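# Structural overview
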Amino acid sequence: MMAYVVIAYLCLAILAYLLLGGADFGAGIVELFTRGKDRRLLRQTMYHAIGPIWEANHMWLIIAVVILFVGFPRIYSVMSTYLHIPLLLMLMGIIARGTAFVFRNYDAVHDQMQVLYGRVFRYSSLLTPFFLGVIAASLIAGYIDPQAPDFWAAYMGSWLHGFGLAVGAFTVALCAYLASVYTIGEANSAADRRRFVRETRRATVAAVLCGALVFGAAQLEGIPLANWVFGNAVGLSAIAAATASLVALWVLLPDGSAAVLRVLAGFQATMILLAVGYAHFPAFVVLRHGAALSLVRELAPAKTTAALGWALLVGSLFILPALFYLYYSFQRASTRPESAH
Amino acid sequence: MDDFLAARSQMALSLGFHIIYSCIGMVMPFFMAVAHYRWLRTGNATYRNVTKAWSKGVAIFFATGAVSGTMLSFELGLLWPRFMEHAGPIFGMPFSLEGTAFFIEAIALGFFLYGWDRFHPWFHWFTGVVVGVSGLASGILVVAANAWMNSPAGFDYVNGQYLNIDPIQAMFNDAWASQALHMTVAAFAATGFAVAGVHAIMLLKRQNVTFHQRAFAIAAAFGAVAAVLQPLSGDVSAKDVARRQPAKLAAMEAHFRTEKAAALVLGGLPDEKAGQVNYAVKIPGLLSFLAHGNFAQEVTGLDRIRPEDRPPVLVPHLAFQLMVGLGMLMLGIALLYFWARWRRRAWLHSRWLLRLFAAATPAGFLAVEAGWTVTEVGRQPWIINGVMRTADAVTPMPGVVYSFYLFTAVYLSLSVVVVFLLYRQIKMVPVLYDVPPQVSLA
Ligand code: HDD
Ligand code: HEM
Ligand code: HEM
């Protein structure tokens, strides 16, 4: 029983990190691809929107990691051995981004350093989700090979492949897309909204193109992605639902309610994750030559699983209400008076 | 440098870096809560300014603590995958509870930092206290994981297999209570002295006197109380180590030969090959007393430990001396400070007392780093005491050296930036918070 609780929380934490942490990274990515006045507007808006919540958004990653190393120790150990290098690169991104964000908002003196913080913030916002995507792709691509004969095959080939790079690019585009939809709700005027809608259209096109790139790369590398996604009823309906809501979102962008837009965007990302995840479940890591590490089989001993499950359940009683109250209190915070800064 | 040494150095570097930020994250919220409370109670704007100025510094430290902590939770696997594969399910309980504590801390921090004038003042104050309480809880919980490595519990180790795993029993291992107590008090002592020291320096420069006086008084009070408690808690820890890890005790005391009425070795340079300590002062019987509460009792020396199981001696011994020496120094300053507050109020404004505090700014954090060096190096060659060797836990991936260089560069530059930012915060105090001198110091 507790096994399902633990697995469910792992999936939930990954999804929450994609949606919330992803939108957070996206803010930096969108900033990177805009210039001048738009960039300043965006930066102001996003600072008010994410300032109070960014730490909380990134906690989902830590929850996911803790669930992995307590509940699925072998999966954690295999991942961190064979995907050491992309994990390291992702961590560098996390460090650079988190600190640059805070430094640029809390430096008491505003001078040339701001340019540096801003640049570090934007590039690391791009690199971190890129490597997250590479890691996610490498888990299922089947290139991890514990019997690999040399350094290259064991520690580089495991993640450095076209499919991984394409998924990395797609993740970046997805984050930018989530963030730009999110900002629409933070617009203070009709003119701002028009700007944000324009950003969103760009990000949408980029995400769709990168999605196509992923399928192309999978085709070239002989990864049966199409089969995973379209080969079963769940995947097929998830993709259909995602496509339908994408069309709806596109139509509603100019004057739809911001809340509806956010829900639609979050729904799409969830459906994409579901479509890919479902085909593999319960496999979490696919190894070369077809073997796989499954969430069900690699589960920690019963007492640990039970304790972890209870810790998560009881923990959420504290966390979720507080988290909702946080989001509730600071939504549209940008229109209220500001004094602390 | 070989990969094994690189992995150990990288771990030490990351933890040594993280511990500074986590101590501040655990303790500063309490300082702020006191200042904030006084502002709400008295309406004295200096206290509001102190709270706000501190909270900006804390925001910087929190971000650094959070990213370096995230780093650590991956590094455990990146560097020690074979350890985590077995230890994860056993010592994972405190980490899973800690997840909740971190989460609450991050949420409360959002409320606190961005909640000025937006919520009921006492709700806002309360969120600050929640940051402190959950930070403290995280610190205590993570020490349970480290204590388990010193005093493994909650499983049976049979033929290389880890059976009958019980994570709750593992969490309540023998070493947790004494280590968590000592760590918590250390965090207060270190942060208290560091913050008091910085404000003392500003007072010596006669800048914003009221502001820095009030800030100093809060930090010094916390730091001084902790500095008095710390040697007592250290004595508990030492007795605990003597019981559960005689090899570590022998290493930190440079106690090579088992003997009755063992002498305490003060200072000196241990010569590990010759098995003796040069240039040391020896106080007969004192080690037996400190370790076992009895001047005559036998204390196990390194000669009773199999050669392949002996920890290094030089590093733990020097680190231990440093920690205790700094502890005594801080104790002395703390006692003077209490005496001044109680009987000699004029001293509180004297330059020599401020100079003492200014000089002791880094003392607490140096002691924290030294203490962890004792604990961690003293546990070698084991990663799980008596069960798994550190060398068997390290990642098979070659080239860890490069990752170590990368980490060193990143942490060095981060430290430089953080110091730079803090310097600018302090420099801006007159501009941001200059208020006319207030009524007398109550
Ligand atoms: C402000 C910092 C500070 C100060 C002044 C002291 N310590 Fe300490 N000590 C620590 C900070 C610390 C620490 C960094 O927090 C450690 C590392 C592991 C732990 O639990 O606490 C530690 C570990 C530690 C250990 C090893 C515990 C273990 O491995 O389980 C012993 C025996 C002592 N200390 C003893 C003392 C004594 C006798 C002190 C007398 C003044 C003292 N410490 C002052
Ligand atoms: C924050 C304070 C800490 C500091 C400064 C610290 C310091 C160190 C040092 C110096 C080493 C290298 C020892 C050697 O190889 O000679 C080390 C190793 C290690 N520490 Fe700690 N440590 C701290 C807390 C912890 C905690 C809380 C944990 C566990 C959850 C932990 C887990 C490890 C592991 C897994 C290693 C590598 C294996 C080993 O060398 O034993 N440390 N640490
Ligand atoms: C004795 C050693 C340690 C102590 C006392 C300690 C304590 C703390 C505290 C109080 C915080 C919150 C403060 C802040 O955010 O600035 C924190 C953050 C964190 N620590 Fe540590 N820690 C230690 C070692 C470790 C280790 C070994 C790990 C990982 C395995 C770890 C993982 C984390 C993580 C993930 C965070 C970030 C949480 C957040 O975003 O707030 N810590 N630590």
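Please refer to the structure higher up on the page.
Residues numbered from 1 in each chain as written. Chains lettered and ligands numbered in written order. Predicted model: local features only at pLDDT ≥ 70, side-chain atom pairs only at ≥ 80, totals over all residues. Heavy atoms only, no water.

A separate point is the overall build of chain B. Along its length, chain B carries 15 helices and eight strands. Over its C-alpha trace chain B gives a radius of gyration of 23 Å, about what one expects of a compact globule, namely 22 Å for 442 residues. Each of the three principal axes of chain B carries a C-alpha extent, and together these read 70 × 45 × 40 Å. Across the 442 residues of chain B, 59% fall into the buried class. A separation of at least 24 residues holds for 77% of the contacts in chain B among residues at least 6 apart in sequence. As presented, chain B carries roughly 17700 Å² of accessible surface, and 65% of it is formed by carbon and sulfur atoms. (Helix = DSSP H or I, 4+ residues; strand = E, 2+ residues; numbered from the N terminus. Rg over C-alpha atoms; globule rule 2.2 N^0.38 Å. Buried < 20%, exposed > 50% of the residue type's maximum accessible area, 1.4 Å probe, protein only. Contact = heavy atoms within 4.5 Å. Areas by Shrake-Rupley, 256 points an atom, 1.4 Å probe, with all protein chains shown as cover.)

Before going further, it helps to spend a moment on the overall build of chain A. A count of helices and strands for chain A gives 13 helices and two strands. The C-alpha radius of gyration of chain A comes to 20 Å, within 12% of the 20 Å expected for a compact globule of 341 residues. Its C-alpha atoms put chain A at 55 × 40 × 40 Å along the principal axes. Burial status across chain A gives 59% buried among its 341 residues. Counting only contacts in chain A whose residues sit at least 6 apart along the sequence, the fraction spanning at least 24 positions is 78%.

This next bit is on the coordination of the iron atom of ligand 2. Just one protein ligand coordinates the iron atom of ligand 2, and it is Glu 376 of chain B (OE) at 2.4 Å. Within the secondary structure layout, Glu 376 of chain B lies in helix H12 (residues 363-379). (Donors = N, O, S within 2.8 Å, 3.2 Å for Na, K, Ca; no water.)

Residue and element names in this part refer to chain B. Around ligand 2 sit 21 residues in total, of which Arg 8, Leu 15, Glu 376, Arg 379 and Gln 380 are the nearest. The side chain of Arg 379 places a nitrogen or oxygen atom 2.6 Å from an oxygen atom of ligand 2. With respect to ligand 2, the side chain of Gln 380 contributes an N or O atom lying 3.0 Å from an oxygen atom. For the shell around ligand 2, the elements supplying multiple residues, two or more each, are helix H1 (3-42), helix H3 (81-114), helix H4 (121-150), H12 and strand S7 (382-384). Per element, the largest residue contribution to the shell around ligand 2 is six residues, and it comes from H1. Considered class by class, the residues forming the shell around ligand 2 number 14 nonpolar, four polar and three charged. (Near = heavy atom within 4 Å. Polar contact = N/O pair within 3.5 Å; in protein donor to acceptor, adjacent residues only side chain to side chain. Nonpolar A, V, L, I, M, F, W, Y, C, P; charged D, E, K, R; others polar.)

Enumeration according to the criterion identifies six cavities of 30 Å³ or more in this entry. In this structure, the largest cavity is lined by 16 residues; those nearest its centre are Gly 51, Trp 54 and Glu 55 of chain A together with Leu 109 and Leu 113 of chain B. For the lining of the largest cavity, the leading source of residues is H3 of chain B, giving five residues. Counted by class, the lining of the largest cavity contains 13 nonpolar, two polar and one charged residues. (1 Å grid on protein atoms, 1.4 Å probe; cavity = no way out; pocket = protein on both sides within 12 Å on 5 of 7 lines; lining within 4 Å. Points joined across faces, edges and corners; volume = space filled by probe spheres on them.)

So, about the interface of chain A and chain B. Across the contact, 66 residues belong to chain A and 65 residues belong to chain B. Between chain A and chain B we count one salt bridge in total. One can count nine residue pairs in polar contact (both at pLDDT 80 or more) joining chain A with chain B. For the side of chain A that touches chain B, the class distribution of residues is 47 nonpolar, twelve polar and seven charged. (Salt bridge = Lys/Arg side-chain N within 4 Å of Asp/Glu carboxyl O.)

Moving on to the pairing of strand S1 (residues 283-286) of chain A. Residue and element names in this part refer to chain A. Here S1 runs beside strand S2 (residues 292-294); their pairing, made up of three bridges, is antiparallel. Across the sheet, residue Val 286 finds its bridge partner in S2, namely Ala 292. In sequence, S1 turns back onto S2 through a hairpin of five residues, with His 289 there showing a positive phi of about 70°. (Pairing = 2+ DSSP bridges.)

Attention now moves to helix H11 (residues 233-252) of chain A. The terminal C-alpha atoms of H11 of chain A lie 28 Å apart, and with 20 residues this matches the ideal 28 Å at 1.5 Å per residue to within 8%. Put simply, Asn 232 of chain A is the residue that caps the front of H11 of chain A, since its side-chain oxygen is 3.2 Å from the backbone nitrogen of Val 234 of chain A. (Expected span 1.5 Å × (residues − 1).)

Turning to the packing of helix H5 (residues 84-106) of chain A against helix H6 (residues 113-141) of chain A, a few remarks are in order. All names here are of chain A. Where H5 meets H6, the axes come as close as 7 Å, and the angle between the chain directions of the two elements is 150°. In this view, H5 runs roughly antiparallel relative to H6, as classed from their interaxial angle. With respect to the hand of their crossing, H5 and H6 are arranged in left-handed fashion. Across from Pro 86, Leu 87, Leu 89, Met 90, Gly 93, Ile 94, Ala 96, Arg 97, Ala 100, Phe 101, Phe 103 and Arg 104 in H5, the residues of H6 making contact are Gln 114, Tyr 117, Gly 118, Val 120, Phe 121, Arg 122, Ser 124, Ser 125, Thr 128, Phe 131, Leu 132 and Ile 135. A per-class count over the contact of H5 with H6 returns 15 nonpolar, six polar and three charged. (Axes fitted to C-alpha atoms, helices over the stretch in contact; angles between N-to-C directions. Parallel < 35°, antiparallel > 145°, perpendicular 65-115°, else oblique. Left-handed = near helix turned anticlockwise from the far one by under 90°.)

Here we come to the environment of Phe 103 of chain B. Its place among the elements puts Phe 103 of chain B in helix H3. The buried category is assigned to Phe 103 of chain B, whose relative accessible area is 1%. For the pair Phe 103 of chain B and Gly 135 of chain B, spaced 32 residues apart in the sequence, the C-alpha separation amounts to 10.0 Å. With near-sequence residues (within four places) excluded, Phe 103 of chain B lies in contact with Ala 56, Met 59, Trp 60, Ile 63, Ile 319 and Leu 323 of chain A.

What follows deals with the nonpolar core. Residues and elements named next belong to chain B. Ranked by internal contacts, the top residues of the largest apolar core, which has 245 residues, are Trp 54, Phe 83, Trp 148 and Phe 357. With residues near it in sequence (within four places) discarded, Trp 148 still touches Phe 83, Ala 87, Ile 90, Phe 91, Ala 153, Phe 155, Ala 170, Asn 173 and Ile 384. By size, the runner-up hydrophobic cluster in this structure holds 14 residues, among which are Leu 264, Leu 287, Ala 291 and Ala 319. (Core = buried A, V, L, I, M, F, W, Y, C linked by side-chain atoms within 4.5 Å.)

Outside of glycine, negative phi angles account for most residues, and trans bonds account for most peptide bonds. All names here are of chain B. Following Gln 380, the chain continues to Pro 381 via a peptide bond in cis, the omega torsion being 5°. Mapped onto the secondary structure, Pro 381 falls in the loop between H12 and S7. Unlike most non-glycine residues, Asp 117 shows phi in positive territory, near 65°. Counting through the fold element by element, Asp 117 comes out in the loop between H3 and H4. For Ala 254, which is not glycine, the phi torsion reads 50° and is therefore positive. In this structure, Ala 254 sits in the loop between helix H8 (246-253) and strand S3 (264-266). You can call Ala 254 buried: its relative accessible area is 3%.

All names here are of chain A. Close contact between helix H3 (residues 54-71) and H5 brings their axes to 12 Å; oriented N to C, the two are set at 165°. Between H3 and H5, the angle falls in the class roughly antiparallel. Viewed along their axes, H3 and H5 form a crossing whose handedness is left-handed. Together, Trp 54, His 58 and Leu 61 of H3 and Ile 94, Arg 97, Gly 98, Phe 101 and Val 102 of H5 make up the contact between the two elements. Residue composition of the contact of H3 with H5, grouped by class: five nonpolar, two polar and one charged.

Purely geometric numbers; function is a separate question.
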